[in-house]
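Summary of the model geometry
Next come the chains, spelled out residue by residue.
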Amino acid sequence: MLHEKLTAHLLEVQKPARYTGGEIGQVVKNPEKVDVRFAFCFPDIYDIGMSHLGMKILYSLINERENYWCERVFAPWTDMEEIMRKEGILLYALESGDEIRNFDFVGFTLQYEMSYTNILNMLDLAGIPIWQKERGERIFPLVVAGGPCACNPEPLAEFFDLFILGEGEEVNLELMDLYHRMRENGATRSEFLKKAAGIEGIYVPSLYEVTYHEDGTIENIMPHDGAPEKIRKRVIPEMNQAYYPEKVVIPFIEPVHDRISVEVLRGCIRGCRFCQAGFLYRPFREKSTETICKQGIRLCENSGYDELSLSSLSTSDHSQIETILDQLLNYTEKEHIHLSLPSLRIDNFSQSVLEKITTIRKSGLTFAPEAGTQRLRDVINKNITEEEVLRTCKIAFEGGYTMVKLYFMMGLPTETDEDIIGIAELAQKIVDLFYSMPGRAKGKLQISISTATFVPKPFTPFEFEPQAEKAEILRKQQLLKNAIQSKKIKTSMHISDVSQMEAVLARGDRRLCAVLAEAWKNGCRLDSWEECFQAEKWYDAFKTCHLDPAFYANRKRSYDEIMPWQHIDYLISKSFFIRENQKAHAGQVTPSCRQKCSGCGANQCLGRACF
Amino acid sequence: MKDYRMIFTKTGMSKYISHLDLNRCMFRAIRRSGLPAWYTEGFHPHLYLMFPLALPLGVESLCEIMDFRLNEERPEKEILEKLNAELPEGIQALTIHEPKMQAQEIISAEYQLCFRSEMNLLPLWENFMQQPEIFIEKKTKKGMIQIDIHPLMNIKHMTSGNQKLCLTLQLPAGSTQNVNILTVAEKFQKCAFQAISIKNIRRTKIFSENFQEFF
Ligand code: SF4
């Protein structure tokens, strides 16, 4: 039941259905009959969180266990936060309306760095101390986190009891089982944490001590109380056996992606050197055609959605993609379902695949060449050629598309002005191609270029690289604007203060915990929302803590520097990243995993070669 | 092809589902139910759904209407059961039947409106109604206009007591003239200069001409 204080105010907030629960597909259990309660917290608002696939998987997985209950929690928007603080309403879980401070687990998913202040805000709204060491010896609530940003959890180390590294399908239940046993035996928080550190994939930051050199770099990271020297991420080796839900919660309000997804593969064969996800989720593992079709159809039937998305980092890299599309289209066309492939790659975008999709939906075409010249694309190992871009555009124009969206990054390693002008030139060639085609589609041509500032991330070959300074990015943005001639080309470019903060947090160390706490106290939260991000408050927080954002964002690291995430093992060896970094600077490309294994080390969890 | 009309409730927390969201919710319920839904022809076929009278967000109802179409005739009882199995808490189909009236025939609706306050509410309400005119602002295509709702408010029943005031009120509804019950309630709150909270608002009936219930 929702708090009466809350319902009295629900009509004062935007989209009240964000805060009510009660959706079809939610799981409600009798609290008297469950042993362990898990609050799955998404550190952003409902509209974003309800689109997230990982949450759907873990929600159903935990709830399949009769005596465990997983509920959903999202960050309130500012209007709701104000009411909660004024009325003294503590953060609650949507299914039961119960305050999460009494739950056994309060688990966050770390999807992007700019959501970190939301975590502190949510803990505070829940009435849970934000600092781990202030939570005392009572075993619950345990504040835990997983998700991609857990690969460098150091900027959050002092807020969390433990982090879950890698894929959560098995380890989450192992952790809950251990907790259940130990709580029954009256264990304390620290007793539990010491034991939990023995589970593969569980990182307990309070069991590690970090020392620093005078120049601010790390001297040593030392485990104590029997914690392992390296904590290795968890992997589900066989995707066909991986748990996948048959039912999901169907939101009332429209989330950012209003559709059902079936995950078709994990990992990526490409090795784009800027892309953290491409390395974090290695090794590459496919689901079989049969599994994908079965899961997709089941989800459509159970949800009533009319859009099914085949999701992964690069869906067209599935070896059986054409068969999958054929089989699914048989079903989806009959049932009036749109099939969408959000992550198509340009280079293997064959005519037949395109035709299959265009029969379903004519939306714009999106490409991410990421860099304007072949030289720079070689540096970042984004193996797309200009010919491929043009060839695909030609097919697309013939197929009736008139909108092309192009994504680029700015501030990439080795980037010169020529590379920036190359972006405008590539867009111009697409314009020229369109007008040279007699059989082109009717309608207005629209090319949009969007650029983002490159953020170097841990566990990529560019983890050593400095981020470009703001002034340099602004200069390059102007340069690009001046180079664009056609009115058919529109640009949208992002301001780089957020990117700098993202770069700081991505490669930050434990000393940033103080900065985060300070920024949050100053009023920072919902930082990934342009209308909420307040750069000065972040810079003030750095000043108060006597730290320099440039040290984290704009400094080049030597290959032998101890990184804050040195003790975290995502299966890929540092020597591989060094090799790849050297090749980048030499402008050499690395073939895809399917063509040739480059020995990154990820296959050790499979005990065989990846392909 | 066969047209059906569903009369349903929207009570409890489901009153926070907006009109647009209700549309998607019903759309999916029909799809999940396995009933043979009728789709429009053409390049982007879509399921046909029609709500003759929108309900403001935050207002409960015992008499909402939705029109939809199936490819073939099915027993009304079967449709009712299949849809009810797929509807969220608070939304319940009461009847399924062939539409007898046209949406344009709707002319008014009846509401139950309950206020709560520390004060005695009856004199406040009497003061409110003693005004010769009660103007509210209304958005139209030509911009904001003022309309006097006093003559449009038909109070059918009233009970008061113990810091509570409940009214049964009939207001114009439908495509010719429509008065939003929330605007009426808010106007009273504003005019009274006192802390009055709306305890509950619920639509109880929808009428066509001659006070016939819409069917
Ligand atoms: S082990 Fe080889 S094939 Fe497997 S992910 Fe690493 S580089 Fe690719």
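Residues numbered from 1 in each chain as written. Chains lettered and ligands numbered in written order. Predicted model: local features only at pLDDT ≥ 70, side-chain atom pairs only at ≥ 80, totals over all residues. Heavy atoms only, no water.

1. Side note on the overall build of chain A
Definition in use: The helix and strand labels rest on DSSP assignments: H or I over at least four residues marks a helix, E over at least two residues marks a strand, and numbering proceeds from the N terminus. Radius of gyration means the value over C-alpha atoms here, while the globule rule gives 2.2 Å times the residue count to the 0.38 power. Each residue is assigned to one of three classes by its accessible area relative to the maximum for its type, calculated with a 1.4 Å probe on protein chains only: buried under 20%, partly exposed between the two thresholds, exposed over 50%.
On a plain count of helices and strands, chain A comes out with 20 helices and 19 strands. What you see for chain A is a C-alpha radius of gyration of 24 Å, in line with the 25 Å of a compact globule of 611 residues. Principal-axis analysis of the C-alpha atoms places the extent of chain A at approximately 75 × 65 × 55 Å. Looking at chain A as a whole, 60% of its 611 residues qualify as buried.

2. Some remarks on the packing of helix H9 (residues 289-303) of chain A against helix H10 (residues 321-334) of chain A
All names here are of chain A. For clarity, the cut-off: Lines are fitted to the C-alpha atoms to define the axes, a helix being fitted only along its stretch in contact, and any angle between axes, read from their N-to-C directions, falls within 0 to 180 degrees. For classification purposes, angles smaller than 35 degrees are called roughly parallel, those larger than 145 roughly antiparallel, those between 65 and 115 roughly perpendicular, and all remaining angles oblique. Helix crossings get a hand from a simple test, with the near helix turned counterclockwise from the far one by less than a right angle marking a left-handed crossing and a clockwise turn marking a right-handed one. Only heavy atoms matter for contacts: two residues are in contact if any of them lie within 4.5 Å across the pair. Asp, Glu, Lys and Arg are counted as charged, while Ala, Val, Leu, Ile, Met, Phe, Trp, Tyr, Cys and Pro are counted as nonpolar; the rest, among them Gly, fall into the polar class.
Between H9 and H10, the shortest axis-to-axis distance is 10 Å and the interhelical angle comes to 25°. As far as their axial angle goes, H10 and H9 are roughly parallel. The two elements H9 and H10 cross, and the hand of that crossing is right-handed. Each of Thr289, Ile292, Cys293, Ile297, Cys300 and Glu301 in H9 lies in contact with H10, whose residues at this interface are Thr323, Ile324, Gln327, Leu328 and Tyr331. Among the residues making up the contact of H9 with H10, the classes are represented as seven nonpolar, three polar and one charged.

3. Considerations on the confidence of the model for chain B
Defined as follows: Looking at any residue, its pLDDT shows the predictor's confidence there, from 0 to 100.
Averaged over every residue, the pLDDT of chain B is 92; the share at 70 or more is 100%. The complex model carries a pTM of 0.94, and its ipTM stands at 0.90.

4. What about the interface of chain B and chain A?
So the rule is basically this: Take the accessible area each of two parts loses on contact, using a 1.4 Å probe, and add the two losses: that sum is the buried area. A side-chain nitrogen of Lys or Arg and a carboxyl oxygen of Asp or Glu constitute a salt bridge if their distance falls within 4 Å.
Taken together, the contact between chain B and chain A spans 19 residues of the former and 27 residues of the latter. Summing both sides of the interface, chain B and chain A together bury roughly 2,000 Å²; the carbon and sulfur share of this comes to 61%. Counting across the chain B and chain A interface gives three salt bridges. One salt bridge connects Arg24(B) with Asp258(A), and the closest N-O pair in it is separated by 3.3 Å.

5. Considering the state of the cysteines
Residue and element names in this part refer to chain B. Defined as follows: In plain terms, two cysteine sulfur atoms within 2.5 Å form what is called a disulfide here.
Considering all chains together, one arrives at one disulfide over all chains under this definition. The disulfide bridge from Cys114 ends at Cys166, spanning 2.2 Å between sulfur atoms. Given an S-S torsion of about 115°, the disulfide between Cys114 and Cys166 has right-handed geometry. A residue pair is termed long-range when its members are at least 10 positions apart, and Cys114 in strand S5 (residues 106-117) and Cys166 in strand S9 (residues 164-172) qualify at 52 residues. Relative accessible area serves as the criterion here: at 16%, Cys166 is assigned to the buried category.

6. What about the environment of Asp419(A)?
All names here are of chain A. In this fold, Asp419 is placed in helix H14 (residues 417-436). In this structure Asp419 comes out as buried when scored by relative accessible area, which is 3%. C-alpha of Asp419 to C-alpha of Gln374: the two residues are 45 residues apart in sequence and 8.7 Å apart in space. Contact partners of Asp419, with chain neighbours within four places excluded, come to Gly372, Thr373, Arg375, Leu376 and Thr414.

7. Remarks on the domain arrangement of chain B
Residues and elements named next belong to chain B. The line we're drawing: For each domain, the first and last residues come from an automatic or database assignment.
Per the domain assignment, the segments making up chain B are domain 1 (2-99) and domain 2 (104-211). Relative placement of domain 1 and domain 2: their C-alpha centres are 28 Å apart. Between domain 1 and domain 2, the residue contacts involve 15 residues of the former and 14 residues of the latter. Sorting the residues of domain 1 by area buried against domain 2 places Leu53, Glu60 and Cys63 first, and these three jointly supply 45% of that buried surface. Where domain 1 touches domain 2, the interface holds two salt bridges. When the shortest N-O distance is used, the salt bridge between Arg202 and Glu60 registers 3.1 Å. Classifying every residue of the side of domain 1 that touches domain 2 by side-chain character gives ten nonpolar, two polar and three charged.

8. Side note on the packing of aromatic side chains
Selection rule: In this scheme Phe, Tyr and Trp rings, the latter by its six-membered ring, pair at centre separations within 6.5 Å, and the angle between planes marks the pair as stacked below 30 degrees, edge-to-face above 60, and tilted otherwise. Geometrically, a charge over a ring is one whose NZ (Lys) or CZ (Arg) sits within 6 Å of the ring centre while staying within 35 degrees of the ring normal.
Tallying each qualifying case throughout the model produces 30 aromatic pairs over all chains. Members of the aromatic cluster, connected to one another through ring pairs, are Phe38(A), Phe40(A), Phe105(A), Tyr179(A) and Phe192(A). Positioned over the ring face of Tyr244(A) is Lys287(A), at 3.8 Å from the centre of the ring. Seen from the ring of Tyr4(B), Lys2(B) lies directly overhead, with NZ or CZ sitting 5.9 Å from the centre.

9. Details of the side chain of Thr40(B)
Relative to the elements of secondary structure, Thr40(B) occurs in the loop between helix H1 (19-33) and strand S2 (49-50). With sequence-adjacent residues up to four places away left out, Thr40(B) is seen in contact with Pro45(B) and His46(B).

10. Some points on the packing of helix H6 (residues 168-184) of chain A against helix H7 (residues 189-196) of chain A
All names here are of chain A. Two elements in contact, H6 and H7, have axes whose closest approach is 11 Å; the angle formed by their N-to-C orientations is 145°. Taken as a pair, H6 and H7 cross one another with a handedness that is right-handed. Packed against H6, whose contacting residues are Leu175, Leu178, Tyr179 and Met182, the element H7 presents Glu191, Phe192, Lys195 and Ala196 at the interface. Residues of the contact of H6 with H7, tallied by class, amount to six nonpolar, no polar and two charged.

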